[in-house]
Amino acid sequence: MKLGFILILLILNSALLVRSDSSNHKYQHGDTVPLYANKVGPFHNPSETYRYFDLPFCSPGHVKEKKEALGEVLNGDRLVTAPYTIDFLVEKDSESVCQKKLSVDEVIKFRTAVIKDYYFQMYFDDLPIWGFLGKVDKEGKSDPSEYRYYLFKHLHFEIFYNNDRVIEINVRTDTNTMVDLTDDKEVDVEFFYTVKWRQTSTPFEKRMDKYSQSSSLPHHLEIHWFSIINSCVTVLLLTGFLATILMRVLKNDFVKYAHDEEIPDDQEETGWKYIHGDVFRFPKYKSLFAAALGSGTQLFTLTIFIFILALVGFFYPYNRGALFTALVVIYALTSGIAGYYATSIYCQLEGTNWVRNLLLTGSLFCGPLLITFCFLNTVAIAYSATAALPFGTIMVILLIWTLVTSPLLILGGIAGKNSKAEFQAPVRTTKYPREIPPLPWYRGTLPQMAMAGFLPFSAIYIELYYIFASVWGHRIYTIYSILFIVFIILLIVTAFITVALTYFQLAAEDHEWWWRAFLCGGSTGLFIYGYCLYYYYARSDMTGFMQTSFFFGYMACICYGFFLMLGTVGFRASLFFVRHIYRSIKCE
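Residues numbered from 1 in each chain as written. Predicted model: local features only at pLDDT ≥ 70, side-chain atom pairs only at ≥ 80, totals over all residues. Heavy atoms only, no water.

Q: An account of the overall build of the protein chain is requested, with residue identities and associated values reported.
A: Regarding its fold elements, the protein chain presents 15 helices and 12 strands. In the protein chain, which comprises 588 residues, the share counted as buried stands at 51%. The contacts in the protein chain between residues at least 6 apart in sequence include a share of 80% that link residues at least 24 apart. Counting every atom, the protein chain has about 28,300 Å² of accessible surface; 61% of that belongs to carbon and sulfur. (Helix = DSSP H or I, 4+ residues; strand = E, 2+ residues; numbered from the N terminus. Buried < 20%, exposed > 50% of the residue type's maximum accessible area, 1.4 Å probe, protein only. Contact = heavy atoms within 4.5 Å. Areas by Shrake-Rupley, 256 points an atom, 1.4 Å probe, with all protein chains shown as cover.)

Spelled out as structure tokens, the structure:
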């Protein structure tokens, strides 16, 4: 495990070194500023990206690959030396990059890229640059066979500097100098670039503000605040309604049950007090139940740590791969929490095979994620996309799992087993379970899950669009404070609705509430996955097998994680509530 922590430190150190490698440079007149070409791909398919030189661009004599951190590789970044040379404060006008004859195959490659709306991405002194490769001329043409396809061959770089620092860069393509790629024939083309330098007073520390301001524009903020207000109103109405109803009902129940103690013993009890001898009867499949709670607790802890890093500014715009690095490292370091909590709960439920429970806990979330990754990585390899992880990166992740995640999981499990905590039940459980009376269809598990998932989902669905547009598009999301408020609201609504449904279930004398509370709490994850279908078909232009499989595959894993996390929140809230009400009455 010591080797594992050394590996984690090396990963974090390499991430910090890569970030500071080029973004902290001061330049003198004539110094070459690093410019790296990253990737190309269809604009509407963010997961389908390829190496820059997979297209027949002008290639420098020696293509040098930039050293990348783990998160950058996971993000699909593959930075190489760009064919353009830009020196600090040195202007260039229509400088020739190269002159080449495009073969028929190369013409077809470029034309296909133009048809699919390919864009390119570069990094200049760690500042991102985008541009399109060409355009389709459809003006005045109704028949697609008449369309003309053009490749841009002249890039204009406009760079802003402050003293010895690069502050901003813009790139535009010259629509007056294009190459016609419509016909399948060889084409002679010469690529050019122009560099202009402009002075600015913007300080170096604020050069990234440009990229974060897009999500903070007034009309965007209005929508975000509308989302917050909508969610708060939902929470206030729900909590007020539930608090009023439950407090009144529970008060009447307590008065009734206190009065029932004066009634002769031959009169039968009714309601939730009637099942006091069964309500704390341990659930079926206790090993799976404990593993789900352990995994959910770990994912909840992971989410809280990610929010903390986001709120302190760690995930500033285009901090390449920072989120993926944080996810891998924090998930590895929090695996002990899953082991401890799962084994502790399992032993409290009088489970005996804690080793099997620990194995189940370790594979409950990682197992489906691994299967999904293997399939999607195979798809990416077949497409020769940058999303395909190199063998070395896969080995690093396996080493982290072997040397950090697994040992911490085992240590947490041993600590949980040795904690010798007993399950705190305020009433005794009878030897034989009572029969559950027949219930109407809407009290079944699926209808209850539908009711439980709808309200929390309604509190977050407006914010979901912006998150999806950022993860599966080219929008920038930086308003983490609003996102954190929405997350807190999601937790509150999930807890309250699960508690309410648990009470109504117990009032109907159905004592099998353990799994029901977990499933109702986690059902919001199913609604989020349903939103994925809506977003894909109605709000995005994603196409193709690779993009479709990546979208639905990884979103299935994310929604499954939400299911486990919110299910744990719902169960913990229900357990607290059930303990409280049964502690408040006298049961024989």
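Q: Account for the pattern of salt bridges, naming residues and giving values.
A: According to the stated counting rule, one finds 12 salt bridges in the structure shown. Measuring nitrogen to oxygen at the nearest pair gives 3.9 Å for the salt bridge that ties R198 to E91. Placement of R198 in strand 12 (residues 187-199) and of E91 in the loop between strand 3 (80-81) and strand 4 (92-102) is noted, with a sequence separation of 107 residues between them. Judged by relative accessible area, E91 falls into the partly exposed class, the value being 43%. In this structure, R281 and D278 form a salt bridge, with 2.8 Å as the shortest nitrogen-oxygen distance. Taking the relative accessible area as the measure of exposure, D278 reaches 0% and is therefore buried. Connected via shared salt-bridge partners are E91, E158 and R198. (Salt bridge = Lys/Arg side-chain N within 4 Å of Asp/Glu carboxyl O.)

Q: So what's going on with the sheet that holds strand 10 (residues 165-173)? Which residues, and what values?
A: Overall, mixed pairing links the 4 strands, which are arranged 4-12-9-10 in an open sheet. Every interior strand has two partners, whereas the edge strands, strand 4 and strand 10, have only one. Each strand axis lies, on average, 20° off the axis of its neighbour in the sheet, ignoring direction. Bridge count for strand 9 (residues 154-162) against strand 12 is 8 bridges, and the pairing is parallel. The residue bridging Y161 from the neighbouring strand is Q199, located in strand 12. Those strands touched by helix 3 (residues 104-115) are strand 4 and strand 12, and its axis lies near 125° from that of strand 4. (Pairing = 2+ DSSP bridges. Axes fitted to C-alpha atoms, helices over the stretch in contact; angles between N-to-C directions.)

Q: Outline the sheet that holds strand 8 (residues 148-152), listing residues and values.
A: Pairing within the open sheet is antiparallel, and its 3 strands lie in the order 7-8-11. Of all the strands in the sheet, the pair left with one neighbour each is strand 7 (134-137) and strand 11 (178-180). Within this sheet the neighbouring strands show an average axis-to-axis angle of 30°, counted without direction. In the sheet, strand 7 pairs with strand 8 via 4 bridges, with the strands oriented antiparallel. Across the sheet, K135 pairs through a bridge with Y150, a residue of strand 8.

Q: Could you give an account of the packing of aromatic side chains, with specific residues and numbers?
A: A complete count under the given rule lists 55 aromatic pairs for this structure. Between Y465 and Y466 the ring centres are 5.4 Å apart and the planes differ by 75°, which places this aromatic pair in the edge-to-face class. Residues Y465 and Y466 agree in their burial class; the two are buried. Where F468 meets Y531, the ring centres are 5.3 Å apart and the plane angle is 85°; that geometry is what we call edge-to-face. In this pair, F468 is assigned in helix 12 (residues 445-471) and Y531 in helix 14 (residues 514-539), connecting sequence segments 63 residues apart. Just as F468 is buried, Y531 falls in that class too. Its end group placed over the ring of Y36, K66 keeps NZ or CZ at 5.8 Å from the ring centre. Positioned above the aromatic ring of Y465 is the side chain of R539, whose terminal nitrogen or guanidinium carbon lies 4.3 Å from the ring centre. (Phe/Tyr/Trp six-rings, centres within 6.5 Å; stacked < 30°, edge-to-face > 60°. Lys NZ or Arg CZ within 6 Å of the ring centre and 35° of its normal.)

Q: Before we move on, could you go through helix 15 (residues 545-583) and cite the residues and values that matter?
A: Compared with an ideal rise of 1.5 Å per residue, which puts 39 residues at 57 Å, helix 15 spans 56 Å between its outermost C-alpha atoms and is within 8% of the ideal. In terms of burial, helix 15 is largely enclosed, as 28 of its 39 residues are buried. (Expected span 1.5 Å × (residues − 1).)

Q: Before we move on, can you summarise empty space enclosed by the protein with the specific residues and values?
A: Gaps left between atoms are located by rolling a probe of water-molecule size over the structure's atoms. Applying the stated criterion to the full structure yields 3 cavities of 30 Å³ or more. By volume, the largest cavity is sized at about 120 Å³. Along the wall of the largest cavity there are 15 residues; nearest its centre are F57, Y84, F120, F152 and L155. Those elements that place two or more of their residues in the lining of the largest cavity are strand 5 (118-124), strand 8, strand 9 and strand 12. (1 Å grid on protein atoms, 1.4 Å probe; cavity = no way out; pocket = protein on both sides within 12 Å on 5 of 7 lines; lining within 4 Å. Points joined across faces, edges and corners; volume = space filled by probe spheres on them.)

Q: Could you give me a rundown of the pairing of strand 10, with the residues and numbers involved?
A: Bridging between strand 9 and strand 10 involves 8 bridges; their strand directions are antiparallel. Considered in strand 10, the bridge of I159 is made with I169. Between strand 9 and the antiparallel strand that follows it, strand 10, lie 2 residues; N163 among them carries a positive phi value of about 60°.

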